[in-house]
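Here is how the chains run, residue by residue.
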Amino acid sequence: MVDDLITNYMFLTAQNKEALLPNYVITETRLSTGVEYLLECIRAIETSCELQISYYDYRIDKVKSYTIQPYRLKHKDYKWYLLAVDVAHPEVPFKSFALERFRSLDEGKPFRKNEELDFETPYRDAFGMFTDAQAERLVLEFDHRDGNYLIASSIHSSQKVIRQTPKHITFELYVKPTLDLIMELMRRSWSLTIIEPEHLREEFLNYWKEAIKRNKNQQQQHHHQQQQQQQALTKTLQRSAASKTETRQTHKDEKESTKKTPSSYRLPSSLMPMPWR
């Protein structure tokens, strides 16, 4: 019964459709991804069946085939991940596969689960999905507003306040400084000061320098494009003004020519016909 309730809750959360919830609940417009494969993954975990999947690799921009043995599901930032053993690489304890990258999924043969696999410890000192770093002490300072947000909703379970002033709140964390954590901290760059460790501060400085460089280049390109557009507009206006001046001069010349030309030609009196009597 409990398993059924958990499964239904997971599926409802993943679907995130207004039709499944009362009208007084405003759902998030950003939908969870990979939902179409969620129930099949749950079933494969519960029945210990291998899965053959076609999986899109963002790094090489190609679809690859895997045979995997599924063990756990993990949810992060509206994304579902399947923690599984890659049959082709049994030396790796497990890998994470984002359900949004699945292109196809087929159930395979049953397998015997390795009860000694540890899925809890690698994530204990990690934030998000990546675990490829050693946990270390981080000391981070934020302005008072952001600090209050982080007190209410901590980044990691190890987080604690070590100093508080009217302007700043300083936290200590013991966590793996992985790419997921870096991306999370980047969200609060406007108030973040990295006190420790120094190598993490240097890494952030490099990211910020590259970001400033990219955006300055973009700004210069935009300014150059604006100058070119302004120059083209100026030339167009100059040509238009020259054309109007030329047209006015042509009209003036035509009027002058008309004044100099007699309106009618009169015969000499000697050649005029005599009136009839």
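Residues numbered from 1 in each chain as written. Predicted model: local features only at pLDDT ≥ 70, side-chain atom pairs only at ≥ 80, totals over all residues. Heavy atoms only, no water.

In this section: the packing of aromatic side chains. Scanning the model with the defined rule gives 12 aromatic pairs in all. For the pair Tyr37 and Phe102, a centre-to-centre distance of 5.5 Å together with 55° between the ring planes defines the contact as tilted. Of this pair, Tyr37 sits in the loop between helix H1 (2-15) and helix H2 (38-47) while Phe102 sits in strand E5 (residues 102-110), and the two are 65 residues apart along the sequence. When its relative accessible area of 3% is taken as the criterion, Phe102 is described as buried. Seen from their ring centres, Tyr56 and Tyr58 are 5.5 Å apart, and the 75° between their planes marks the pair as edge-to-face. The class of Tyr56 is buried, set by a relative accessible area of 19%. (Phe/Tyr/Trp six-rings, centres within 6.5 Å; stacked < 30°, edge-to-face > 60°. Helix = DSSP H or I, 4+ residues; strand = E, 2+ residues; numbered from the N terminus. Buried < 20%, exposed > 50% of the residue type's maximum accessible area, 1.4 Å probe, protein only.)

Two elements, strand E7 (residues 160-164) and strand E8 (residues 168-175), share 4 bridges in a ladder whose sense is antiparallel. Counterpart to Arg163 in the pairing with E8 is Thr170. Connecting E7 to the antiparallel partner E8 that follows it, the hairpin turn spans 3 residues. (Pairing = 2+ DSSP bridges.)

Residue position: Asp57 is located in strand E1 (residues 49-57). Apart from residues lying up to four places away in sequence, Asp57 is in contact with Lys62, Lys64 and Arg101. (Contact = heavy atoms within 4.5 Å.)

The strands that make up a sheet pair up through hydrogen bonds in the backbone, lying either parallel or antiparallel. Sheet architecture is open: 5 strands sit in the order E4-E3-E2-E1-E5, paired in antiparallel fashion. Single-partner strands in this sheet number two, and they are strand E4 (95-98) and E5. The mean angle between the axes of side-by-side strands here comes to 50°, regardless of whether they run parallel or antiparallel. Direction of pairing for strand E3 (residues 79-86) relative to E4: antiparallel, over a ladder of 4 bridges. Considered in E4, the bridge of Leu83 is made with Ser96. Docked against the sheet, H2 engages E1, strand E2 (62-76), E3 and E5, running at close to 80° with respect to E2. (Axes fitted to C-alpha atoms, helices over the stretch in contact; angles between N-to-C directions.)

On to the side chain of Glu50, then. Inspection of the secondary structure assignment puts Glu50 in strand E1. Buried charge Glu50 goes without a salt bridge, the closest partner of opposite sign being Lys109 at 4.8 Å. A distance of 3.1 Å separates a polar atom in the side chain of Glu50 from a polar atom in the side chain of Gln69. Not counting chain neighbours up to four residues away, the residues in contact with Glu50 comprise Thr67, Ile68, Gln69, Pro70, Val87, Asp106, Glu107, Gly108, Lys109 and Phe111. (Lys, Arg positive; Asp, Glu negative; His and termini not counted. Salt bridge = Lys/Arg side-chain N within 4 Å of Asp/Glu carboxyl O. Polar contact = N/O pair within 3.5 Å; in protein donor to acceptor, adjacent residues only side chain to side chain.)

Another aspect to go through is a nonpolar patch on the surface. Together, Phe130, Leu179, Met183 and Tyr207 give the surface a local cluster of nonpolar side chains, amounting to about 360 Å² of exposed area. Tracing the sequence through the fold places Leu179 in helix H5 (residues 179-186). A residue is classified by how much of its surface remains accessible, and Leu179, at 41% relative accessible area, is partly exposed. (Patch = residues over 30% accessible without salt bridge, like charges linked within 9 Å, V, L, I, M, F, W, Y side chains within 5 Å. Areas by Shrake-Rupley, 256 points an atom, 1.4 Å probe, with all protein chains shown as cover.)

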